[in-house]
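# Examining the three-dimensional arrangement
So you can see what is in the structure, the chains are spelled out below.
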Amino acid sequence: MALHKQVDEDASDAELEINPLYFREESCAIPRYRLPESGVLPRTALQVVRDELILDGNARLNLATFVTTWMEPEAELLMAECSPKNMIDKDEYPQTAELERRCVNILGSLWNAQCAPGKSVGCSTTGSSEACMLGGMALLWRWRARRKAAAKPADRPNMVMGSNVQVCWEKFCRYWDVEPKYVPMVPGRLHLGAAEAAALCDENTIGVVAIMGSTMDGSYEPVAHINAALDGLQESAGIDVPIHVDAASGGFVAPFLQPDIEWDFRVPRVASINSSGHKYGLVYPGVGWVVWRDDEALPEDLIFNVNYLGGQMPTFALNFSRPGAQVAAQYYNFVRLGDSGYRHVQQTCQDIAMHLSSEIAKIGPFELLTDGSDLPVFAFKLRDDVTTYSVFDLSERLRMRGWQVPAYTFPENLTDMAVMRIVVRNGFSMDLANLLLDDVRLHVRTLEHHPQTQPPPEIQAMRQSFKH
Ligand SMILES: *Cc1c(COP(=O)(O)O)cnc(C)c1O
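Overview of the structure. (Residues numbered from 1 in each chain as written. Predicted model: local features only at pLDDT ≥ 70, side-chain atom pairs only at ≥ 80, totals over all residues. Heavy atoms only, no water.)

### Remarks on the packing of aromatic side chains
Scanning the model with the defined rule gives 12 aromatic pairs in all. Ring plane angle 10 degrees and centroid distance 5.3 Å describe the contact between Phe-256 and Tyr-342, whose orientation is recorded as stacked. Linking Phe-256 in helix H10 (residues 254-257) with Tyr-342 in helix H11 (residues 325-363), this pair joins segments that are 86 residues apart in sequence. With respect to class, Phe-256 is no different from Tyr-342; both count as buried. Ring geometry for Phe-366 and Phe-380: centres 5.2 Å apart, planes at 85 degrees, overall edge-to-face. You can see Phe-366 sitting in strand E10 (residues 366-368) and its partner Phe-380 sitting in strand E11 (residues 377-382), a full 14 residues away along the chain. Exposure remark for Phe-366: the relative accessible area of 5% places this residue in the buried category. Among the residues examined, Phe-380 registers a relative accessible area of 2% and is labelled buried. Among the aromatic residues, ring-to-ring pairing joins Phe-252, Phe-256, Phe-334 and Tyr-342 into one connected group. (Phe/Tyr/Trp six-rings, centres within 6.5 Å; stacked < 30°, edge-to-face > 60°. Helix = DSSP H or I, 4+ residues; strand = E, 2+ residues; numbered from the N terminus. Buried < 20%, exposed > 50% of the residue type's maximum accessible area, 1.4 Å probe, protein only.)

### Some thoughts on the sheet that holds strand E12 (residues 407-409)
Strand pairing in a sheet relies on backbone hydrogen bonds, with the paired strands running either antiparallel or parallel. Read across the open sheet, the four strands follow the order E10-E11-E13-E12; overall the sheet is antiparallel. The sheet terminates laterally at E10 and E12, the two strands that pair on one side only. Mean inter-strand twist for the sheet, computed between neighbouring axes without regard to direction, equals 40 degrees. Strand direction decides the pairing type here: E12 and strand E13 (residues 418-423), joined by three bridges, are antiparallel. Each residue of the ladder has a partner; that of Thr-409, found in E13, is Ala-418. Strand contacts of H11: E10, E11 and E13, with the helix running at about 10 degrees to E11, the strand carrying the most contacts. (Pairing = 2+ DSSP bridges. Axes fitted to C-alpha atoms, helices over the stretch in contact; angles between N-to-C directions. Contact = heavy atoms within 4.5 Å.)

### Describing the site of the ligand
Close to the ligand lie Gly-127, Ser-128, Ser-129, Gln-166, Cys-168, Ile-211, Thr-215, Asp-246, Ala-248, Ser-276, His-278 and Lys-279, which account for all nearby residues. In this structure, Ser-128 approaches the ligand through a main-chain N or O atom, which is 2.7 Å from an oxygen atom. Compared with its free state, where it exposes 380 Å², the ligand has 89% of that area covered by protein. (Near = heavy atom within 4 Å. Polar contact = N/O pair within 3.5 Å; in protein donor to acceptor, adjacent residues only side chain to side chain. Areas by Shrake-Rupley, 256 points an atom, 1.4 Å probe, with all protein chains shown as cover.)

### Looking at the nonpolar core
Counting residues in each nonpolar core, the largest one holds 63 residues, and the members touching the most others are Val-208, Leu-230, Val-245 and Trp-263. Looking at this core, the element that brings in the most residues is H11, giving nine residues. The residue makeup of this core includes at least three contributed by each of domain 2 (76-334) and domain 3 (349-467). Not counting chain neighbours up to four residues away, the residues in contact with Val-208 comprise Val-160, Leu-192, Ala-197, Cys-201, Ile-226, Leu-230, Val-241, Pro-242, Ile-243 and His-244. Leu-398, Met-420, Val-424 and Leu-437 belong to the second largest nonpolar core, which has 32 residues in total. (Core = buried A, V, L, I, M, F, W, Y, C linked by side-chain atoms within 4.5 Å. Domains from an automatic or database assignment.)

### Examining the pairing of strand E1 (residues 121-125)
Most of E1 sits inside the fold, with four of its five residues counted as buried. Where E1 lies against strand E7 (residues 288-292), five bridges are found, and the strand directions are antiparallel. Residue pairing for E7: Cys-123 is matched across the bridge by Val-290.

### Considering helix H3 (residues 42-53)
With 12 residues, H3 ought to run about 16 Å at 1.5 Å a step, and its terminal C-alpha atoms sit 16 Å apart, in line with that. Of all the positions in H3, only Thr-44, Gln-47 and Val-48 are classed as buried. In an axial view of H3, the angular spread of the buried residues amounts to 100 degrees, which keeps them on one side of the axis. Counted as exposed and oriented over 90 degrees from the buried face of H3: Pro-42 and Arg-50. (Expected span 1.5 Å × (residues − 1). Arc of directions from axis to C-beta.)

### Some thoughts on the pattern of salt bridges
Taken as a whole and assessed by the stated rule, the structure comprises 19 salt bridges. Ionic pairing is found between Asp-231 and Arg-269, a salt bridge with its closest N-O pair at 2.8 Å. Of the two residues, Asp-231 is situated in helix H9 (residues 223-237) and Arg-269 in the loop between H10 and strand E6 (270-276); the sequence distance between them amounts to 38 residues. Each of Glu-359, Lys-362, Asp-438 and Arg-441 takes part in one network of salt bridges that share partners. (Salt bridge = Lys/Arg side-chain N within 4 Å of Asp/Glu carboxyl O.)

Structure below.
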């Protein structure tokens, strides 16, 4: 007889509650890579899967990710209630579709879209990667149409961006056969420069991608200056190049913390903007958003129209089925926080980021690359004269108590620059920040007094390419 019968049928629930035994079914040896012959009880399955997952890092101590790791219980409840709903079933769940439409319009107005109220053009996605893919496709389709209309060849499209772009843009270029033209980073300019972007553009450029803000160091790229440089290009060479803004993080930060920076639809060449609802939109993964300037910016033949409730629901997405819970949770956040609530959350993150960066700068061996005054994100490195340990050593030591602070090198041209980056998100309190600072100070003292023993040869080989 299987043990679960003994435990769960012979014993009453009350007995199980007081039974201190770790009572996972003894007969249950679960194969890793093939389907087990038969099933187990739900409690056993829960225990098996949970036991595996305790090996994961603690999401709240993960200072590497931009993605939401804390939501309030009411939002979690709403998401659990909505988890059976499929976003694509717009006929069956017209109200979920309506919430999506409201979110698109809220974002449209937040990003100063010029269209009439309620007429914003956009959609939800699984995240910014899909949203970028859609934004890029619209640029590609429009460029092809322009080339066709001018009876010119349309077989060698390219896209201009900084070498600091997120990997989704490399994917876009490879998947759609678009040549990526990267503006390299140089010391002192760690993201896309306006003149450098315009200089790489030609008649085959489908668009320039500008980032708000950079994954590498949290800095904002100068969208308005890029716009001006492209105006200059149009005047001198007659080439008209649109901009897509990848505001994966900044789309939910800049409107609240830096409302005077013009990076959105106030900038004439900005054709489309994406953002991750699951980053500073404060929703658990995965939800992203993309909004176009107007109907014209999104070619008709990319849209599939679904009519429900007598209206037209334009859908444009890579996935068919998608969870509806995240969209409901995004709308929940808009209702729950409002403008002042979002500002308060993002301001708190920024205050903590700037406190952390200024205290880290005071410790001694570090040099800040950014201080958290754009996104609540900052990067720092060791001073060039620190040679007995690296940021990788510090990252490893911080891991001992569960802090996950990534260390990495910059892209080509600056590959010898190794940095650490801290992303401050909702749920990372000033108390936690001060505990982290205590640990950083302690580890720096330890590393200074005990130079690192040589790591194994394969790790040394890996590190050979960078100084720190
Ligand atoms: C995170 C990020 C992406 C990818 O977004 P996902 O929502 O994770 O798919 C793209 N661009 C930038 C600038 C990002 O920070």
